[in-house]
Amino acid sequence: MCRNLLFAATALGAALSLGSAAQAAAQSMAPATASPPSAAQAAAAPQKQKKASAQERIDAERLPPMARAAFWVREVNLDPTDVVANVRLASALRSLGQYSDAADSAQKALVIDPKNFDALMETGRAFVGMGQGFYAIDPVKRAAALAPKDWRPLSLLGVAYSQVKRDDDAQAVWRQALGLSHENPAVLSNMAMALATKGDAAGAEALLRRATAQPGATLQERQNLTLVLGIEGKLAEAEKLLREDLPPDQAEANLAYLKTLSASQTAPSPVSTPAPTAAVDTRTWASVKGAGG
């Protein structure tokens, strides 16, 4: 899932202030504070910690989110001017739901390299994740200008526009995205969820059926279809999809949530509607919160 604002520049050498479990995990990897060493101890002391190798960085991207965040915290602490480390830390923090810290890390990368495409996208994704689409518009538009043939900035920009009720602008950029990536399931899903939030569940269902029919469709699109089916009261089909895609406990939790939605006959907000559990929130229905691109 990926608004005009001049971001405050953060000093390049400022230490990360994550206030998170990721920071604690990274700190556990650092040597304990000790008394100043003697001359003999200093001579025998190991050399200063080195940044990870290229292969270690590739391997780190396969780690679970918490371990991945800890790895990139260490890399940033070793070199706060490392753009790649700041961007990947932002991505890891975003996957943990720490959107504010993710935005901070991505913006630090932009201070160093204002035209870094990945840093612009991560900034946009973080603000969209917080439901603050207005602040995502500017960086995502800049990313789109840097990569005019890439559908992802347009998809994310549409979500940002949707969050600030610029519905016509959202639909326009999503159509542009589809022009670059025909029948792209993520874009179709974003368009569908925008319709769902306006009460057009039938229109959303039609788009989501197109999305889930595509070879590149993911769990995200299938679960968005499940959500819309639940809103429409088509609980039998929704339950079938849930049990195909999720472990029993998550399927039961989501089914209970869908029954509540169906009974209320109220479409969810893309930002404020709670998912039934934290686990479900991270694996399903993320686009209801504005994720995309």
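Residues numbered from 1 in each chain as written. Predicted model: local features only at pLDDT ≥ 70, side-chain atom pairs only at ≥ 80, totals over all residues. Heavy atoms only, no water.

Draft legend 1. Highlighting the packing of helix α12 (residues 201–212) against helix α13 (residues 219–231). Here α12 crosses α13 at 155 degrees, and the two axes come no closer than 9 Å. By the angle between their directions, the pair α12 and α13 is classed as roughly antiparallel. In terms of crossing hand, the pair formed by α12 and α13 is left-handed. Residues A201, A204, E205, L208, R209, A211 and T212 of α12 form the contact with α13, whose own contacting residues are E221, R222, N224, L225, V228, L229 and I231. For the contact of α12 with α13, a count of residues per class yields eight nonpolar, two polar and four charged. (Axes fitted to C-alpha atoms, helices over the stretch in contact; angles between N-to-C directions. Helix = DSSP H or I, 4+ residues; strand = E, 2+ residues; numbered from the N terminus. Parallel < 35°, antiparallel > 145°, perpendicular 65-115°, else oblique. Left-handed = near helix turned anticlockwise from the far one by under 90°. Contact = heavy atoms within 4.5 Å. Nonpolar A, V, L, I, M, F, W, Y, C, P; charged D, E, K, R; others polar.)

Draft legend 2. Just the packing of helix α5 (residues 83–95) against helix α7 (residues 117–129), in detail. α7 packs onto α5 with a crossing angle of 25 degrees between their chain directions and a minimal axis gap of 9 Å. Classed by the angle they form, the pair α5 and α7 counts as roughly parallel. You can see that α5 and α7 cross each other, and the crossing is left-handed. Facing α5, whose interface residues are V87, A90, S91 and R94, α7 presents D118, A119, E122, R125 and A126. For the contact of α5 with α7, a count of residues per class yields four nonpolar, one polar and four charged.

Draft legend 3. Up close: the packing of aromatic side chains. Scanning all chains against the criterion turns up three aromatic pairs. Seen from their ring centres, F127 and Y135 are 5.8 Å apart, and the 45 degrees between their planes marks the pair as tilted. Taking relative accessible area as the criterion, F127 reaches 9% and is therefore assigned buried. Residue classification places Y135 among the partly exposed positions, given a relative accessible area of 33%. Ring geometry for F134 against Y135: centres 5.3 Å apart, planes inclined by 90 degrees, an arrangement best described as edge-to-face. Taken together, the aromatic side chains of F127, F134 and Y135 make up a single cluster linked through ring pairs. (Phe/Tyr/Trp six-rings, centres within 6.5 Å; stacked < 30°, edge-to-face > 60°. Buried < 20%, exposed > 50% of the residue type's maximum accessible area, 1.4 Å probe, protein only.)

On their own, these measurements won't tell you what the molecule is for.
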